[in-house]
Amino acid sequence: MSDNDGKKTLGLRGAGGRPGNVKQSFSHGRTKNVVVETKRKRVVVPKPGAAKPTGGASAKAGGDPSRRPAGISDAELERRMRALKAAKAREVEEAAERAAAEKAREEERNRRRAEQEAKEQEQREAEEKARAKADEEDRKKRETEEAAKRAAADAAAAVAAPKTEAPARAQANKPAPAATPRKNERDQRQNRSKARDDGRRSGKLTLNQALSGDGRRQKSMAAMKRKQERARQKAMGGSVEREKVIRDVQLPETIVVSELANRMAERVADVVKSLMNMGMMVTQNQALDADTAELIIEEFGHKVVRVSDADVEDVIADNDEDDGDLVSRPPVITIMGHVDHGKTSLLDAIRDAKVVSGEAGGITQHIGAYQVTTDDGVTLSFLDTPGHAAFTSMRSRGAQVTDIVVLVVAADDSVMPQTIEAINHAKAAKVPMIVAINKIDRPAADPNKVRAELLQHEVIVEAMSGEVQDVEVSAITGQGLDELLEAIALQSEILELKANPERAAQGAVIEAQLDVGRGPVATVLIQKGTLKQGDIFVVGEQYGKVRALINDKGERVNEAGPSVPVEVLGLNGTPEAGDVLNVTETEAQAREIAEYREQAAKDKRAAAGAATTLEQLMQKAKDDKNVAEMPILVKADVQGSAEAIVQAMEKIGNDEVRVRVLHSGVGAISESDIGLAEASGAPVMGFNVRANASARSTANQKGVEIRYYSVIYDLVDDVKAAASGLLSAEIRENFIGYAEIKEVFKVSNVGKVAGCIVTEGVARRSAGVRLLRDNVVIHEGTLKTLKRFKDEVPEVQSGQECGMAFENYDDVRPKDVIEIFEREEVTRTLA
Ligand code: GDP
């Protein structure tokens, strides 16, 4: 249908030999000319009722007198011509009318379109209704219009008919129903209109379409417009107004921007933009504090629901214990006092066994704990702390493990600075004290002087009519030890210490270390419940399943109850002293809590780090005009060493300079340590640990100094010297190479030989060597042999294989790393 048919019709007519201009006007669009042409065709049709478009034949007949049918007189011809003229004039008139009608219709259409658009602006809910209504109207109007048009055309035709039909009839000698051409014209017009409509895809329902009965209704114009509008808005992106859903946004203490956006169901970009408007330049991965996040949530119109960060820890929340379940437990005792007043000796004497001898320099580098039973059958748990730092750091982590403090004061000495510190710690922790006046065997012993001095520090002993028990003892002779234990037992009775051994265990980490061969090991003092083998637990930021429990005598045990110190194996990482251990029901819970704590700690560090680096440095520049601060980082092989170093560091300093330990920890020096050191311009001190490969390269890149030590005194001396600006040239170690052990061979007469590849630098026979396992120093010594193939060589270069054996040391394993170093004189560069 449509255009094609129209063209065909026109073409036929054009070929019919009518003057070209007629054809031209026709082919130039559906104007009035078209109508004129059609009309003419109708008027001169010679054979009414011709099946095919009759215009062709009629045009031929009317338009070319030479082809007029035979037997027509001139008069007749003239009459016909006159009639033709009249018809033409009428046609012009009619065409004008139609044009006017068309125009009116167009106007009407425009008006309706405008109306429709206005309507579309209105609420969308009413849309469906509106559309239905509009369509209805549309159709009605169209119908009315069509009817009106038809009526007008009919009327016009009726006027013309008498004039034209008569001659036509006379000429054709048969009735020429006016209906035929009119119908044709109407059909054509309708066809054209339909073609036009189709082209515009107006979707309007024409009468023809309506009558055609195919039932398939095209979409209305309004629907098309809506569709277009939707597409446009979609393309413009998001200006579509959605109905706002107000959400309850769960807000923890810190939240990452992207997660905040997620919880509000808003776009991250919008949240970032909003933060920028508040003057905060953040990325989507940055954490926000709850207060900032709350402002954002409110700005987006959502509801804030503050949740505690600790919600995840609810599973280990202390369930209030039923008094009936409580049974008495042994007291936990910490011995404190000034250095050399005899703490270790006293602990040894009490345990009736010497602390494992052979610790470098006799310094107690590890925290331990043990239990003793008095002659009266009372069990006491002793913590062996190397100083007060551990006590305070444990307290600051919320692990108050100590029930009673035994304050050791040497009878031949006086109350010293650390004695006062110990008193203050005990008081701050509200832990009762028992004074042990030691070294009573010494001739210079003057216990009353000690009692009097203690009085000055508000420690009133029983002998001075106070409430603090005091016992004169000698760690060497054993004098007064039983009295001391009795005093402790008595104090413990007064305290009425109780715990429920039936519940899930909770304990505090006394000491933790990464043990070669056993993995991470934590000494835990159980506080509540009973820890059993196979229990799943979370401890600080670590979690695990109890693989083995080892008591203070080195024996494996199946369980440990309240106040029992026990070594726990089966952790996934090394916790820190003071971390609390809790048994959970499932591993998933334990992992979730550990992960949450790790994240929380990270966020806290990040927040603190930002504040320290910039603000504090600025502050330092402003305030500390006189006191310079020397920041350092400490990493050690075990917690005890780290604590001892930190404690020593805190004592260094005078009015001009102070040492500040930014961070201390256990294990290899990592990249994050280097990052922190770089940010604060601090050197990193490694005690029996090494930096891992990535940390080493980062340190090189960023110019962070890493110094390694095996003796605490050396480390302390260096820092002291640096702090007092006395650093001068020194003999220092210089690492010249690293080799990795690939295989270990047993060679008779030589012992174990390590088959290595030199991975860095050079291996030199004359140099010193250290054996590292997991970046922790296992052994230090010299080489017995350095072989390349079968030959003894002085040196092996990087990338080459070699055989090495240590002097007087055999415990080498594949994957161990051999560090080769030389001593040389260098200028000290420490901070
Ligand atoms: P700590 O630093 O407090 O642990 O003190 P130590 O236990 O290492 O003792 C320091 C020194 O004092 C050691 O040489 C001990 O032998 C000595 N010492 C400790 N207790 C006594 C004692 O009761 N009598 C005597 N005569 N010497 C003692």
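In this text, all values refer to a predicted model and were calculated from it rather than measured experimentally.

Enquirer: How do you make sense of the overall build of the chain when you look at a structure like this?
Expert: When its secondary structure is counted, the chain shows 22 helices and 33 strands. Going through the 831 residues of the chain one by one, you find that 45% of them count as buried. Contacts in the chain between residues far apart in sequence, at least 24 positions, make up 70% of those at least 6 positions apart. As displayed, the chain has an accessible area near 43,000 Å², and 49% of this comes from carbon and sulfur atoms.

Enquirer: Any chance you could explain the site of the ligand here in plain terms?
Expert: In the vicinity of the ligand there are 15 residues, among which Asp-340, Thr-344, Ser-345, Asp-441 and Ala-475 approach most closely. Backbone polar atom of His-341 to an oxygen atom of the ligand: 3.4 Å apart, as the coordinates give it. Residue Asn-438 places a side-chain N or O atom 3.0 Å away from an oxygen atom belonging to the ligand. Top element by residues in the shell around the ligand is helix 13 (residues 343–351). It accounts for 3 residues. Considering only residue class, the shell around the ligand consists of 3 nonpolar, 7 polar and 5 charged.

Enquirer: I keep staring at a negative patch on the surface and nothing clicks. Help me out?
Expert: A cluster of acidic residues, Asp-375, Asp-376, Asp-482, Glu-483 and Glu-486, forms a negative patch at the surface. Within the secondary structure layout, Glu-483 lies in helix 17 (residues 481–495). For Glu-483, a relative accessible area of 46% gives the class partly exposed.

Enquirer: Looking at this model, I keep getting lost on the side chain of Arg-109. Mind explaining?
Expert: Within the fold, Arg-109 resides in helix 5 (residues 74–121). Here Glu-106 takes part through its side chain, which lies 2.7 Å from a polar atom of the side chain of Arg-109.

Enquirer: What is the right way to read the nonpolar core from this model?
Expert: The nonpolar side chains of a soluble globular protein tend to be buried, and buried together. Ile-335, Leu-346, Ile-350, Phe-382, Val-406, Leu-484 and Ile-488 are the most contacted members of the largest nonpolar core, which has 23 residues in total. Where this core is concerned, the elements lending two or more residues are strand 6 (332–337), helix 13, strand 7 (368–373), strand 8 (379–384), strand 9 (404–410), strand 10 (433–438) and helix 17. By residue number, the principal contributor to this core is helix 17, which donates 5 residues. Ignoring sequence-local partners within four residues, the contact set of Ile-350 consists of Ile-335, Tyr-370, Val-372, Phe-382, Leu-481, Leu-484 and Leu-485. Core analysis: the next-biggest nonpolar cluster, separate from the first, contains 22 residues, Val-769, Leu-783, Cys-802 and Tyr-809 among them.

Enquirer: How should the packing of helix 11 (residues 268–277) against helix 12 (residues 290–299) be read in this particular structure?
Expert: How two helices sit against one another is set out by the angle between their axes and by the gap between those axes. It is the contact of helix 11 with helix 12, at a shortest axis distance of 11 Å, that shows an interaxial angle of 115 degrees. With respect to helix 12, the axis of helix 11 lies roughly perpendicular. Considering the relative orientation of helix 11 and helix 12, their crossing is right-handed. In contact with Val-271, Ser-274 and Leu-275 of helix 11, helix 12 contributes Thr-292, Ile-296 and Glu-299. Among the residues forming the contact of helix 11 with helix 12, the class breakdown is 3 nonpolar, 2 polar and 1 charged.

Enquirer: I keep staring at the sheet that holds strand 10 and nothing clicks. Help me out?
Expert: Sheet strands pair via backbone hydrogen bonds, and the direction of the pair is either parallel or antiparallel. As summarised here, the arrangement of the 6 strands in space is 7-8-6-9-10-11, forming an open sheet in which the pairing is mixed. What marks the edges here is a single partner per strand, and that holds for strand 7 and strand 11 (469–472). Neighbour to neighbour, the strand axes of the sheet diverge by 25 degrees on average, direction disregarded. The sheet contact formed by strand 9 and strand 10 spans 6 bridges and is parallel. Residue pairing across strands places Val-408 opposite Ala-436, the latter belonging to strand 10. Running over the sheet, helix 16 (residues 447–456) touches strand 9, strand 10 and strand 11 and is turned about 145 degrees from strand 10.

Enquirer: Mind showing me how you'd approach the side chain of Gln-513 here?
Expert: Within the secondary structure, Gln-513 is located in strand 13 (residues 506–515). The exposure class assigned to Gln-513 is buried, which follows from its relative accessible area of 16%. Look past the residues within four positions of Gln-513 in its chain and what remains in contact with it is Gly-519, Pro-520, Val-521, Thr-574, Asp-637 and Val-638.

Enquirer: Whenever I open this one, the pairing of strand 16 (residues 536–539) confuses me. Can you help?
Expert: Along any regular strand, the residues point their side chains to alternate faces of the sheet. Residue alternation in strand 16 divides its side chains into two sets, Ile-536 and Val-538 and Phe-537 and Val-539, and both sets are buried. Looking at chain direction, strand 16 and strand 17 (residues 542–550) are connected through 4 bridges and run antiparallel. Each residue of the ladder has a partner; that of Phe-537, found in strand 17, is Gly-544. Connecting strand 16 to the next strand, strand 17, in antiparallel fashion are 2 residues, including Gly-540 with a positive phi near 60 degrees.

Enquirer: What should I look at first to understand helix 12 in this one?
Expert: Along an α-helix, residues three or four apart share an orientation, since each turn contains 3.6 residues. Along helix 12, the positions that sit buried rather than exposed are Ala-290, Thr-292, Ala-293, Ile-296 and Ile-297. One side of helix 12 holds all its buried residues, which, seen down the axis, span an arc of 160 degrees. Where the residues of helix 12 are buried, they touch strand 1 (248–251), strand 2 (254–256), helix 10 (257–264), helix 11, strand 3 (287–289) and strand 4 (303–306). Taking the backbone nitrogen of Asp-291 as reference, a side-chain oxygen 3.1 Å away marks Asp-289 as the first, capping residue of helix 12.

Enquirer: I keep staring at the state of the cysteines and nothing clicks. Help me out?
Expert: In a disulfide, the sulfur atoms of two cysteines are covalently bonded to one another. Within this structure, the stated rule accounts for 0 disulfides. Free of any disulfide, Cys-756 has its nearest neighbouring cysteine sulfur in Cys-802, separated by 4.9 Å. Using a relative accessible area of 3% as the deciding quantity, one classes Cys-756 as buried. Under the relative-accessibility criterion, Cys-802 is labelled buried at 7%.

Enquirer: Is there a simple way to think about the pattern of salt bridges in this case?
Expert: When the charged atoms of two side chains with opposite charge come close together, those side chains can pair. For the structure on display, the rule yields 27 salt bridges. Salt-bridge contacts for Glu-792 lead to Arg-765; the nearest nitrogen and oxygen are separated by 3.1 Å. Taken as a pair, Glu-792 in strand 30 (residues 791–792) and Arg-765 in the loop between strand 27 (751–764) and strand 28 (768–773) lie far apart in primary sequence, 27 residues in all. Relative accessible area serves as the criterion here: at 32%, Arg-765 is assigned to the partly exposed category. A network of salt bridges, in which partner residues are shared, links Arg-690, Arg-770, Glu-780 and Glu-819.

Enquirer: Looking at this structure, I do not really get helix 19 (residues 639–651). What am I missing?
Expert: For helix 19, with 13 residues, the first-to-last C-alpha span of 19 Å sits near the 18 Å given by 1.5 Å per residue. Of all 13 residues in helix 19, 10 are buried; the element is thus mostly enclosed. Of the positions making up helix 19, those classed as buried are Gln-639, Gly-640, Ser-641, Ala-642, Glu-643, Ala-644, Ile-645, Val-646, Gln-647 and Met-649.

Enquirer: Sorry, what's going on with the environment of Glu-453 here?
Expert: Of note, Glu-453 is situated in helix 16. Expressed as a C-alpha distance, the spacing of Glu-453 and Ser-414, which sit 39 residues apart in the sequence, is 7.3 Å.

Enquirer: Please clarify how the environment of Glu-576 should be interpreted in this entry.
Expert: Relative to the helices and strands, Glu-576 resides in the loop between strand 20 (565–571) and strand 21 (580–584). For the pair formed by Glu-576 and Glu-541, sequence separation is 35 residues and the distance between their alpha carbons is 8.9 Å.

Enquirer: Mind showing me how you'd approach unusual backbone geometry here?
Expert: Phi angles above zero are rare outside glycine, and Ser-465 is one such case at about 65 degrees. Structurally, Ser-465 can be placed in the loop between helix 16 and strand 11. At Phe-789, a position not held by glycine, the phi torsion is positive, near 55 degrees. Looking at where Phe-789 falls in the secondary structure, it is placed in the loop between strand 29 (776–788) and strand 30.

Enquirer: Could you clarify how one ought to interpret the packing of aromatic side chains in this entry?
Expert: The relation between two aromatic rings is expressed through the spacing of the ring centres and the mutual angle of the planes. In total, this model carries 4 aromatic pairs according to the counting rule given. With 5.2 Å between their ring centres and 40 degrees between their planes, Tyr-708 and Phe-735 make a pair best called tilted. With Tyr-708 in strand 25 (residues 706–709) and Phe-735 in strand 26 (residues 730–747), the pair connects residues that are 27 residues apart, well separated along the chain. On the basis of relative accessible area, Tyr-708 is assigned to the buried category, the value being 14%. The partly exposed category is assigned to Phe-735, whose relative accessible area is 28%. Grouped by ring-pair contacts, the aromatic residues Tyr-708, Phe-735 and Tyr-738 constitute a single cluster. Here the basic side chain of Arg-690 rests over the ring of Tyr-708, its NZ or CZ set 4.3 Å away from the ring centre. Above the face of the Tyr-738 ring, Arg-696 is positioned so that its terminal group lies 4.5 Å from the ring centre.

The rules behind the values
Residues numbered from 1 in each chain as written. Predicted model: local features only at pLDDT ≥ 70, side-chain atom pairs only at ≥ 80, totals over all residues. Heavy atoms only, no water. Helix = DSSP H or I, 4+ residues; strand = E, 2+ residues; numbered from the N terminus. Buried < 20%, exposed > 50% of the residue type's maximum accessible area, 1.4 Å probe, protein only. Contact = heavy atoms within 4.5 Å. Areas by Shrake-Rupley, 256 points an atom, 1.4 Å probe, with all protein chains shown as cover. Near = heavy atom within 4 Å. Polar contact = N/O pair within 3.5 Å; in protein donor to acceptor, adjacent residues only side chain to side chain. Nonpolar A, V, L, I, M, F, W, Y, C, P; charged D, E, K, R; others polar. Patch = residues over 30% accessible without salt bridge, like charges linked within 9 Å, V, L, I, M, F, W, Y side chains within 5 Å. Salt bridge = Lys/Arg side-chain N within 4 Å of Asp/Glu carboxyl O. Lys, Arg positive; Asp, Glu negative; His and termini not counted. Charge placed at Lys NZ, Arg CZ, Asp CG, Glu CD. Core = buried A, V, L, I, M, F, W, Y, C linked by side-chain atoms within 4.5 Å. Axes fitted to C-alpha atoms, helices over the stretch in contact; angles between N-to-C directions. Parallel < 35°, antiparallel > 145°, perpendicular 65-115°, else oblique. Left-handed = near helix turned anticlockwise from the far one by under 90°. Pairing = 2+ DSSP bridges. Arc of directions from axis to C-beta. Disulfide = S-S within 2.5 Å. Expected span 1.5 Å × (residues − 1). Phe/Tyr/Trp six-rings, centres within 6.5 Å; stacked < 30°, edge-to-face > 60°. Lys NZ or Arg CZ within 6 Å of the ring centre and 35° of its normal.

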